[in-house]
Each structure stands twice: as C-alpha cells, then as structure tokens.
2 protein chains.
Amino acid sequence: MALIVKKFGGSSVATTEKIMHVAKRILSEKKPGDQVVVVVSAMGDTTDNLIELATGITKDPYEYTREMDMLLTTGEQVSIALLAMAFKTLGQPAISLTGKLAGMETNDVHTKGRIVDIKPDRVHAELAKGNVVVVAGFQGCDAQGDPVTLGRGGSDTSAVALAGALKADTCEIFTDVDGVYSADPRVVKGARKMKEITYNEMLEMARLGAGVMQPRSVEMGEYFKIPIHVRSTFTTEPGTIIREDYTMEDKDFVIRGVAHDKDVAKIAVLGIPNTPGIAHEIFSALADAHIDVDMIVQSIRNVEKNVTDMVFTVSATDLPRAKEVVDKVADKLSAVGVLVEEDVAKVSIVGAGMLGNPGIAARMFGALSKAGINIDIISTSEISISCLVKRTQLNEAVNAIHDEFFPKKG
Amino acid sequence: MALIVKKFGGSSVATTEKIMHVAKRILSEKKPGDQVVVVVSAMGDTTDNLIELATGITKDPYEYTREMDMLLTTGEQVSIALLAMAFKTLGQPAISLTGKLAGMETNDVHTKGRIVDIKPDRVHAELAKGNVVVVAGFQGCDAQGDPVTLGRGGSDTSAVALAGALKADTCEIFTDVDGVYSADPRVVKGARKMKEITYNEMLEMARLGAGVMQPRSVEMGEYFKIPIHVRSTFTTEPGTIIREDYTMEDKDFVIRGVAHDKDVAKIAVLGIPNTPGIAHEIFSALADAHIDVDMIVQSIRNVEKNVTDMVFTVSATDLPRAKEVVDKVADKLSAVGVLVEEDVAKVSIVGAGMLGNPGIAARMFGALSKAGINIDIISTSEISISCLVKRTQLNEAVNAIHDEFFPKKG
C-alpha cells in the first residue's frame, strides 16, 4: 500500500479520449490499497485559447493579472471534472478538487504565484473514503481565497509540493520523454537513460540547459525529500528517479550527464584599468538591467600598464540589451573596446561524483582536445564543469565528452 | 447615490464584443457615487458546449452531478473575468468574484442547488474600494466549499438574492424582452408594457404561463422586498418594475395581464361513485407519480345513483404518464370511462385588484361569450381567474379578454 501522486500534462489530457486513456492507465497500475492523487493541467490548447479570448477584450490581458488568473484557472477545472467523471464511469470512486479545495495556498503574485503552504486535509479525507483524488495543477489561492496561477512549470511544482505535504511515497511526472538521459538523445545517439539522478545534479543539468524538469519542482522535491519519477505517458517502462542519493547499483558512472546550451553569447570588455571596483561596475549595471551573467573570466592584458580584459557570457536573447548596457560602462571606463561573439555554445558535465576526483576535468579537456575542439572559457561548480566552444562544434563536443565518460558497450 | 445589482444573461455576453458593449452600457448609466454589482451568466453557448464535452466521457454526465457542477461553474468564471477586464480597459476599477467568493452559500443538491445564505462581506469591501463588482450568476458553494449550480433560471435568482443580502436599492434584470406585458405581444397586437406589477401578480402570471421571470427569483425578491426592474439589453427604455405594491400612477387597470398556456390537457374520469375519499384516491396516485394537477372540477352526473364525474387538467407533456395512472385508478373505482382531451388551452387574467371586485369575472366570461368562445372549466385564485377553452380558439380568447380590460386607445 502506497500513497502516490501522479502528474499528467496538458497534451496527455488534450481530448476526452485521452482523458479516458489516462484514467484506464492509472487504474491498470493501481495496486489494491494504493492511494492515488492525480494532478492534471488544462486540456491541450485550452490555456492558449483562453488567452486568445482575453485578447478580444484587450491587447495585453496580462496587464490584469488577477483577472487572468480568474480566467486561466478554469482550464484545469474543466480537466479535473472530466477526469474524475472518467474514473467514475470505470467504477472507480473519484473526486475533483481545485487548487483551493486541495489546500494549495500561494502568495498573491498573480500569474507567477509561489506556494506558501499546503493544507491537504480534504485530500486526505477523500483518499480515506476510497476516492482517487484529481487535483488541478498550476493553481492555488491566496489568503483572500482568490485563484492564483503558479507560472511556468507550475503543474510539476503543484504535484511535487502536494506529494511532499501528503508525505507521499513517490511523485510520478508523466511527460513526452521517458526519463533523464546522459545527454540529449537528439544529439548523442548512444545517450543512456539514467535510472537515478540526485536533486542537485538534476538542478545543475537544468541550469546548464537540459530541460526535462522545471528547477522549482526539483527544488520542491529536494525540500520535501520526495522521490520524483520522470516517466513516459506513452509506455509503462520505468523512467528516471530524481532523489537525494543513489541506490547502490546505479553508482557506476562518475558523471551523470552531458548538458549543452546554444542560447549563449560572449561579451569581452578589452583594456580596462585593473583597479578595485571594475568588476562591480560592469556587473551591477547588468544586474540593474535584469540580465543574468553566466561564465566570467578576467585576464591580464598588459601587466606593466596594469590593464585587464573582462570576458563573460549572457544568454543570446539578452545580448542586444546587454551590449547597450556594457557599451555605456566601457565608455565610462575608457575601455579599448567591446567585442561580441554570437557563434558560441556551452557544453557541461554534471555529477556529484566529480567532487574530490581531480582527474575528471582533465578527461573532459582531453576528449575535446582529441576531437580538435578549442576551449574558449572554462567555469566550474562543485558538481559541474562547463566549457565554451564554437557553436558549430557543439554536437561534436557533446559526443566526444559523452564517449569519454559513457563508453559504448561491446 | 444608490447600490444597484444588474444581471445580464448569456446572450448579452456571448462574444467579447458584446461583453465590451455591456461594460460601456453600464458605465453610461452609472451616476457618480453609484455602487454597481453585475451578475452574469456564462457566455452564449458555453454551458451547452461544456455539457457536450462531458458526453465525450459518458452518455449521461448528469449522473455525476458534483463533477458537472465543477465543470459548469467554469462557464461563468470565464465571463466574469472578461467583463471585469472590460471595465478596467475602460478605466473603471473592477473585480470578478465567483459565487463562492461573493458569499453565495447553497445546499449540496448539485445541479439544482438552493441558496441557503449569503455573506456578501467581500462584495461590500470591494464596492467600498470603488470597484464595480462582477459576480458569477447561477452558482454558489456548499458547506464544504464545493461549487454548486442553482438550476434553471439560477442567474436571476443569484442576482435578486444578492441584491437582497446587499440591501440594494434595486435589481435590474436585462433580458431580450423589454418588460412585462399585459399579454404576450406575439398574440395580442395592442399588448401594453406594464410600468409596475406586484410580486404576487408576477408569480401568478408565471404560474399561468407568462415566462418572463423564473418564479424562484420573484419569490426571492418578495422575501427581500427588493424591486426587480425587468428591462431590455438592447434599449435604454425603462421596463417593468416588480415590487410589493404599485405607486399611484399605475393603478389604472383592475387587472395586470392576460396569461395563456397551451401546455394543457384535460382528463375526465366519468361515472364514479360519489363517496368520501374518491378525490384523494385519484389525486394521490397522480402525486405519487410526480404529476402536477391544475384545474379540478367535480360535477354530479346522476344524483339518484350518486354517481359523479371528476375533470381536471395536467400539463400536456405529462399526459401519457397521467393517463396510465388514471386508467388504473378508474378500473379500481369501476368508473364508466376515462376521457382525454388534448386540444385545450388555458387563458387567465391576473390582478390583485380583482379581490372584492365581483364584476371582473362576469366581464371576462362576457368577453368570451361575445366572441363565441365556449368555456370548459373555470378555476379561480385570490388574484386570478382561469378558463379552459378550445386550443384553436385560444388566440381569439386572449384578444377578446385583453380588449375588454385594456380598451384600445383613441
């Protein structure tokens, strides 16, 4: 007997046929005595259609965030009602609960709410009656009782947080991929599905460009120590379990995966005086403009003149705004010039195992060198190493590194 | 300065253009300092479309009434969000409230809920902030907080009940007719729009077939003593005010209106022994089958044999079931026979003024007689007189009576 939270996204419940399919699948996996909570998103394009409808009233409906939440929360309310009905037609007692009824309390930052508390008394009560409980994802209510949506990836966060509050045994996230891979399978043919990965590794993978799970939901899993099972909607194969630590059998590899990110651009501020406060000047100006800076390298250009170069990366989408900000600061600092490079990309390895294993960085650089790939910038964290390379060489770089750490079998 | 509740039905908010129109119209009539609450239904065909969607899960979704309410309450939630946005785009602060947020508490009879209490604290608070408050009609929540819909005519009931709880000055019901007429304008060319009508007269008109307002909402108005102004969505002309008593100027006519009903069938049980309990036997059998009986006449067929006929009317839709029930009882009572007539209709006059004015019945019968129309059955209440006539003569009957009591001008 277990308490399991299962989350299905909008594409899994896009039609009434698919909703029936989800209900049947859940019942086929339910063991006698299991308590099951299902978190669902709005059906398919519902949210987009509601936004479209609102643009009939005003060009920018998101100006009115509270009313957008009133509007958008209807999307999940429709899918939970239909899914609960589907269970009932199959003979399984079930009940639908909005985020509010399920006790999901949020702050009042409409359209970008954050869960502040969960009071799942009603969920427990309905489970105790033998119901499958169908909960609206992506939504909760603020202290006034007004509906609030959670923003991007919100349904995953709802599911994991609810699993935590319910002290569930596991939280299963059903998606269109069947787990977390050692590299993007579209780039690396031999990419392997990981049986397990730690919360920290998953967060680092996400930060470095691997987009299976929204970071907030992984953080929520870590906070509540709830294992998150990422698996496919379309097969019954096990996927990848995100948890605090590995079980024995899956400790074979020193790294967990190779991540990559093409949304990168490099900015170099050349020939600035190497005096205290220079870095602060540049990066506080960027922070004021809400531009995130990723890799940073400072290198001495001319020791005698005490002149330095400051090189860093931003996301490619932020580049135009970043250039504007940096040009102004560079003028003020009498820099020699500002260079911009857009044809770059970042390749990273992630793994808690690299802590206290100094050979790993060397193996990564060696693999790139053997493949004739030049490294532009290197940055490291406790559980990752990233290299900036030419964007045209990215796929080659990912494959070379993957081959080094996940040698082909046979 | 007044507190006004205005109710717009689904056809008035069927598109975003119409929603903008409703918002503009309300603002054009709003005087400085007025507090306005707007109760709206779901947009156009939304409710039907949601029911259709549910039939993708199960043939008879109304088997699952709680889940139907979870589904259907989204309809009004969409329209309140959009209407509140519409006000805001016009520069008018506004906020949308679901039935639950507006404090509409119901029993837990899903899809046919009844309002048990209203706690409009939030509505008052939002009005005090200068908001137009947009409330979802047709819905409330039960003691558990679960959404409940009110059943047919529910939005009118929501509006009038909310007006009562808010101690509003008036409740305006916007519909596709522009008021209550002295007769159906499709039948009587010279039908006059009444300036005023009492709750009791309106209830009697509704009971006798005039379908402008659902009886429950009129009862609610009477209970709270809230004047209900029935008026047109399409014009700014005043309509008809339903209130406790007339103001002076509108006391001209002794009757308020002529109502008619084609959904009538006559059943006659012939030649039954005139002994105590006979009426009970027949009508309790019908009551057990949930069949309403309207006009009843008992007449002596044969004094010497003490044999009687029992004649009554039921709604035409109930006739087949009623016939079945009556046939059984007639057998038991050894009746001579059961006759059924379907080509009948009922014409009625309604008016509190007829109390203590015995000449009115005579004038009604006289008008019918002059027009060569035979009266089959007569029944009376405190404020109405009804005659059963041949269905083919109904329009003629309505016009003859109307001409008698509302003589053509000039």
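Structure: see above.
Residues numbered from 1 in each chain as written. Chains lettered and ligands numbered in written order. Predicted model: local features only at pLDDT ≥ 70, side-chain atom pairs only at ≥ 80, totals over all residues. Heavy atoms only, no water.

Participant: What is the right way to look at the overall build of chain A in this model?
Facilitator: Across its full length, chain A carries 11 helices and 20 strands. The C-alpha radius of gyration computed for chain A amounts to 24 Å, which stays within 12% of the reference 22 Å derived for 410 residues, consistent with globular compactness. Burial status across chain A gives 55% buried among its 410 residues. Taking the contacts inside chain A whose residues are at least 6 apart along the sequence as the reference set, 74% of them involve residues at least 24 apart. Roughly 17800 Å² of accessible area belongs to chain A as shown, and the carbon and sulfur atoms make up 52% of that amount. In chain A, 45 positive and 55 negative side-chain charges are present, and the distance between their average locations comes to 4 Å. (Helix = DSSP H or I, 4+ residues; strand = E, 2+ residues; numbered from the N terminus. Rg over C-alpha atoms; globule rule 2.2 N^0.38 Å. Buried < 20%, exposed > 50% of the residue type's maximum accessible area, 1.4 Å probe, protein only. Contact = heavy atoms within 4.5 Å. Areas by Shrake-Rupley, 256 points an atom, 1.4 Å probe, with all protein chains shown as cover. Lys, Arg positive; Asp, Glu negative; His and termini not counted. Charge placed at Lys NZ, Arg CZ, Asp CG, Glu CD.)

Participant: Mind showing me how you'd approach the relation of the copies chain B and chain A here?
Facilitator: Superposition record for chain B on chain A: RMSD 0.1 Å, screw rotation 180°, translation along axis 0.1 Å. These values place the two chain copies in the arrangement generated by a two-fold rotation axis. The C-alpha atom lying nearest the rotation axis in chain B is that of Thr 74 of chain B; the distance is 2.6 Å. Interface overlap between copies: 100% of the residues of chain B at the interface are likewise at the interface in chain A, consistent with a symmetric, same-surface contact. (Least-squares fit on C-alpha atoms with pLDDT ≥ 70 in both.)

Participant: Hey, could you run me through the side chain of Asp 318 of chain A in this one?
Facilitator: Counting through the fold element by element, Asp 318 of chain A comes out in the loop between β16 (307-314) and α9 (319-332). Those residues within four positions of Asp 318 of chain A in sequence are excluded, and the remaining contacts are Ile 291 and Asp 292 of chain A.

Participant: Would you mind showing me how to read the packing of aromatic side chains here?
Facilitator: Two aromatic rings, taken as a pair, are described by how far apart their centres are and by the angle between their planes. Residues and elements named next belong to chain A. The full count for this structure, using the stated rule, is six aromatic pairs over all chains. Ring centres of Phe 283 and Phe 312 lie 5.1 Å apart, and the angle between their planes is 75°; this geometry places the pair in the edge-to-face category. Within this pair, whereas Phe 283 is found in helix α8 (residues 278-288), its partner Phe 312 is found in strand β16, the two being separated by 29 residues in sequence. (Phe/Tyr/Trp six-rings, centres within 6.5 Å; stacked < 30°, edge-to-face > 60°.)

Participant: Explain helix α3 (residues 65-89) of chain A to me, please; I cannot follow it from the model alone.
Facilitator: An α-helical segment advances 3.6 residues per turn. Residues three or four places apart therefore align on the same side. Its 25 residues give α3 of chain A an end-to-end C-alpha distance of 37 Å, which sits within 8% of 36 Å, the value for a rise of 1.5 Å per residue. By the criterion of burial, α3 of chain A is predominantly enclosed, with 22 of the 25 residues buried. (Expected span 1.5 Å × (residues − 1).)

Participant: Explanation requested: the pattern of salt bridges in the structure shown.
Facilitator: For side chains of opposite charge, pairing can occur when their charged atoms come near one another. Residues and elements named next belong to chain B. All told, the structure shown has 55 salt bridges over all chains when counted by the stated rule. Ionic pairing is found between Arg 25 and Glu 29, a salt bridge with its closest N-O pair at 3.0 Å. Remark: Glu 29 and Arg 25 occur in helix α1 (residues 16-29); sequence separation between them is four residues, near one turn of the helix. As a salt-bridge pair, Asp 318 and Arg 321 come within 3.3 Å of each other at their nearest N and O atoms. (Salt bridge = Lys/Arg side-chain N within 4 Å of Asp/Glu carboxyl O.)

Participant: How do you make sense of the sheet that holds strand β14 (residues 265-273) of chain B when you look at a structure like this?
Facilitator: What links the strands of a sheet is backbone hydrogen bonding, and the strands pair in either a parallel or an antiparallel sense. Residues and elements named next belong to chain B. Spatially, the four strands line up as an open sheet ordered β15-β16-β14-β17, and their pairing is antiparallel. The sheet is open, and its two edges are formed by β15 (293-302) and β17 (337-341), each paired on a single side. Across the sheet, the mean angle from the axis of one strand to that of its neighbour is 15°, orientation sign disregarded. Note that β14 and strand β16 (residues 307-314) share seven bridges and pair antiparallel. Across the sheet, the residue bridging to Lys 266 is Thr 313, located in β16. On top of the sheet, helix α8 (residues 278-288) reaches β14, β15 and β16; it is set at about 25° to β16, its chief contact. On the sheet, helix α9 (residues 319-332) packs against β14, β16 and β17 and is oriented at approximately 0° with respect to β14. (Pairing = 2+ DSSP bridges. Axes fitted to C-alpha atoms, helices over the stretch in contact; angles between N-to-C directions.)

Participant: What's the story with the environment of Thr 235 of chain B in this structure? I'm lost.
Facilitator: Residue and element names in this part refer to chain B. With respect to the secondary-structure elements, Thr 235 resides in the loop between β11 (228-232) and β12 (240-243). The class for Thr 235 is partly exposed, based on a relative accessible area of 30%. In this structure the C-alpha to C-alpha distance between Thr 235 and Ser 11, which are 224 residues apart in sequence, comes to 15 Å.

Participant: Can you help me understand the packing of helix α2 (residues 46-54) of chain A against helix α3 (residues 65-89) of chain B in this one?
Facilitator: Between two packed helices, what matters for the description is the angle formed by their axes and the separation of those axes. Their axes nearest at 10 Å, the elements α2 of chain A and α3 of chain B cross at an angle of 35°. Along this stretch, α2 of chain A crosses α3 of chain B, giving a crossing that reads as right-handed. Along its contact with α2 of chain A, which presents Leu 50, Leu 53 and Ala 54 of chain A, the element α3 of chain B presents Val 78, Leu 82 and Met 85 of chain B. Considering only residue class, the contact of α2 of chain A with α3 of chain B consists of six nonpolar, no polar and no charged. (Left-handed = near helix turned anticlockwise from the far one by under 90°. Nonpolar A, V, L, I, M, F, W, Y, C, P; charged D, E, K, R; others polar.)

Participant: Just checking my understanding: could you explain the interface of chain B and chain A for this structure?
Facilitator: Think of interface size as the accessible area that goes away when the parts come together; that is how it is often given. With 42 residues of chain B at the interface, the matching set in chain A holds 42 residues. Each partner contributes to the roughly 3200 Å² buried at the junction of chain B and chain A, and carbon and sulfur atoms together form 69% of this total. Applying the counting rule to chain B against chain A returns two salt bridges. When the shortest N-O distance is used, the salt bridge between Asp 146 of chain B and Arg 122 of chain A registers 2.8 Å. Our count for the contact surface shared by chain B and chain A stands at 12 residue pairs in polar contact (both at pLDDT 80 or more). Listed by contribution, the elements that provide at least two residues to the side of chain B that touches chain A are α1, α2 (46-54), α3, β3 (94-97) and α4 (121-128) of chain B. Among the residues making up the side of chain B that touches chain A, the classes are represented as 24 nonpolar, 11 polar and seven charged. (Buried area = accessible area lost by both parts, 1.4 Å probe. Polar contact = N/O pair within 3.5 Å; in protein donor to acceptor, adjacent residues only side chain to side chain.)

Participant: Help me out: how do you make sense of unusual backbone geometry in this one?
Facilitator: Leaving glycine aside, a negative phi is the common case for residues, and trans is the common case for peptide bonds. Residue and element names in this part refer to chain A. If you check the backbone angles, Lys 167 has positive phi at about 50° while not being a glycine. Inspection of the secondary structure puts Lys 167 in the loop between α5 (154-165) and β9 (170-175). Phi is positive for Asn 306, close to 55°, though the residue is something other than glycine. With respect to the helices, strands and loops of the structure, Asn 306 is situated in the loop between β15 (293-302) and β16.

Participant: Can you walk me through the sheet that holds β16 of chain A in this structure?
Facilitator: Residue and element names in this part refer to chain A. The strand order across the open sheet formed by four strands is β15-β16-β14-β17, and the pairing between neighbours is antiparallel. Sheet topology places β15 and β17 (337-341) at the edges, where each strand pairs with a single neighbour. Adjacent strand axes in the sheet meet at a mean angle of 15° when their direction is disregarded. The strands touched by α9 are β14 (265-273), β16 and β17; relative to β14, the strand with the most contacts, the crossing angle is about 0°.

Participant: Just to check I follow, could you spell out the environment of Phe 365 of chain A for this structure?
Facilitator: All names here are of chain A. Tracing the sequence through the fold places Phe 365 in helix α10 (residues 359-370). Residue classification places Phe 365 among the partly exposed residues on the basis of a relative accessible area of 26%. Between the C-alpha atoms of Phe 365 and Ile 375, which are 10 residues apart in sequence, the distance is 8.1 Å. Look past the residues within four positions of Phe 365 in its chain and what remains in contact with it is Ile 375, Ile 378, Ile 385 and Cys 387.

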